[in-house]
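Topology and contacts: notes
So the chains spell out like this:
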Amino acid sequence: MALREKSKATDTSKTQNFLVKSFLAGGVAGMCSKTAVAPLDRIKILLQAHNNYYKHLGVFSGLRGIIKNEHLIGLYKGNGAQMVRVFPYAAVQFLSFEVYKKSLHKSLGHASHFSKFIAGSMAGVTAVLFTYPLDVVRARLAFQITGEHIYNGIFHTLVCIFKTEGGIRALYQGLSPTVLAMIPYAGLSFYVFERLKAFSLECFPTICGRPCSRNTGGLVLIVPAKLLCGGFAGAIAQSVSYPLDVARRRMQLSMMRPETYKFRKGCFTTLYLVFKEDGIVKGLYRGMSINYLRAIPMMAVSFATYELMKQFLGLDTGLDT
């Protein structure tokens, strides 16, 4: 009995250790990846929502315009709210993925690759539900132009939206397209990364891997391979889910100008209005070029940092197929 209780206590301690370290690794990965692409995130929001000052510009001319009009710090406008949001968001997402993946492996078996897609989708939705109001705040702050500020900081933005736009419901404006987009986006991101990681270590162990006795299979991906796998995963996932991301931003920013109030009517109405007014290329996929420029390095840095943090914290990052 004493041995059984000791074993149970050890298992509980190991589980808690795993959860805390996975949470920390995910949070750090999210902060690193978002900071790396913060300027591209800012111009993406301005282009997606047709900001009056930047809607006629391209990616690089828009970045130059921000620096000219708002100085270098303008590239990082809204990044404070982003960091407040992204640490818990990424931490919950990566932790949830590990938990869901283990649970699904028990019920579906390790041979089920589809379980990784399901786990990724569930992890993405879980993270969104926990942190969505901060995403709305980040979008509002990033959309503002110097000299025309409506909001002053994270707390002021939260209070203003809550008081003037309908309470808690207003803080979740655009949630439906976000959840719909997150299912394929997060699912494909995790699934493709896991499959590419397994493929690289199985087929090119001497090129893509290095020995690590702590890991399952005795190998870990080298950093360039982690970045490549993460980049490919991000590109594929973004291509599928991008129109819903456009709808999310339009809905989040709908109350900032009278002419955009119409985008409050719901996800599918917003998608239809964007398509009707601007078509596919200039509407539903507006800003897609910048999205590739930001999504590929962002996901590359995110997955690579997460894997490196897991190695640093002593967690297994080996094959899981």
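Above this text is the structure in question.
Residues numbered from 1 in each chain as written. Predicted model: local features only at pLDDT ≥ 70, side-chain atom pairs only at ≥ 80, totals over all residues. Heavy atoms only, no water.

1. A word on helix α5 (residues 114–143)
Which entries qualify depends on this criterion: Working definition: helices are DSSP H or I runs of at least four residues, strands are E runs of at least two. Numbering for both runs from the N terminus. In a helix, the anticipated span is given by 1.5 Å times the number of residues less one. Axes are fitted to the seven residues ending at a residue and to the seven starting at it; the angle between these axes is taken as the bend at that residue. When a residue's accessible area, from a 1.4 Å probe over protein chains only, is under 20% of the maximum for its type it is buried; when over 50% it is exposed; and in between it is partly exposed.
For α5, with 30 residues, the first-to-last C-alpha span of 38 Å runs short of the 44 Å given by 1.5 Å per residue. Of all the bends found along α5, the most pronounced is centred on T131 and spans about 70 degrees, while P133, a proline, follows it within four residues. Counting buried positions along α5 yields 24 of 30 residues, so the element is predominantly enclosed.

2. With respect to the pattern of salt bridges
How we decide: Within this document, salt bridges are pairs made up of a side-chain nitrogen of Lys or Arg and a carboxyl oxygen of Asp or Glu, the two lying within 4 Å of each other.
Applying the stated criterion across every chain yields a total of 17 salt bridges. We note a salt bridge from D41 to R138, for which the minimum N-O separation is 4.0 Å. Note that D41 is positioned in helix α2 (residues 38–48) and R138 in helix α5, a separation of 97 residues in sequence. R138 shares its class with D41; the two are buried. For the salt bridge of D278 with R250, the shortest nitrogen-to-oxygen distance reads 3.9 Å. Within this pair, whereas D278 is found in helix α11 (residues 267–278), its partner R250 is found in helix α10 (residues 223–252), the two being separated by 28 residues in sequence. Judged by relative accessible area, D278 falls into the partly exposed class, the value being 25%. Salt bridges linked by common partners bring R85, D135, D245, R248 and R249 together as one network.

3. Side note on the nonpolar core
Quick reminder of the rule: Note on terminology: a nonpolar core comprises buried Ala, Val, Leu, Ile, Met, Phe, Trp, Tyr and Cys residues joined through side-chain atoms within 4.5 Å. Only heavy atoms matter for contacts: two residues are in contact if any of them lie within 4.5 Å across the pair.
The biggest cluster of nonpolar side chains holds 61 residues, and the ones touching the most others in it are I43, L46, F94, F143, M182, L253 and F303. For this core, the element with the highest residue contribution is α5, accounting for 12 residues. Aside from chain neighbours lying at most four places away, what touches F303 is F94, S189, F190, F193, G230 and A233. Core analysis: the next-biggest nonpolar cluster, separate from the first, contains 13 residues, Y242, V246, C267 and L284 among them.

4. Considerations on unusual backbone geometry
Positive phi, close to 70 degrees, is recorded for H71, a residue that is not glycine. You can see H71 is positioned in the loop between α3 (59–70) and α4 (79–108).

5. Quick look at a nonpolar patch on the surface
Our working rule: Excluding any residue in a salt bridge, patches collect residues exceeding 30% relative accessible area, merging like charges within 9 Å and nonpolar Val, Leu, Ile, Met, Phe, Trp and Tyr side chains within 5 Å. Using the Shrake-Rupley algorithm and a 1.4 Å probe, accessible areas are obtained, with residue cover drawn only from the displayed protein chains.
On the surface, F199, F204 and I207 cluster together into a nonpolar patch covering about 310 Å² of accessible area. For F199, the position within the fold is in helix α8 (residues 175–203). Relative accessible area serves as the criterion here: at 43%, F199 is assigned to the partly exposed category.

6. A few points about α11
Note on helix geometry: an α-helix contains 3.6 residues per turn, so any two residues three or four positions apart are oriented the same way. Heads up, the rule is: Our arc is simply the arc of the directions from the helix axis toward the C-beta atoms.
Look at α11: 16 Å from first C-alpha to last across 12 residues, which is about the 16 Å you get at 1.5 Å a residue. Turning to α11, its buried residues are C267, T270, L271, L273 and V274. Taken around the axis of α11, the buried residues stretch over an arc of 165 degrees, which confines them to a single face. In α11, the exposed positions angled more than 90 degrees off the buried face are occupied by F268 and K276. In this structure, the buried residues of α11 make contact with α8, α10 and α12 (280–284). Positive backbone phi, approximately 80 degrees, marks G279, located one or two places after α11.

Function-wise, these values are silent; they only describe arrangement.
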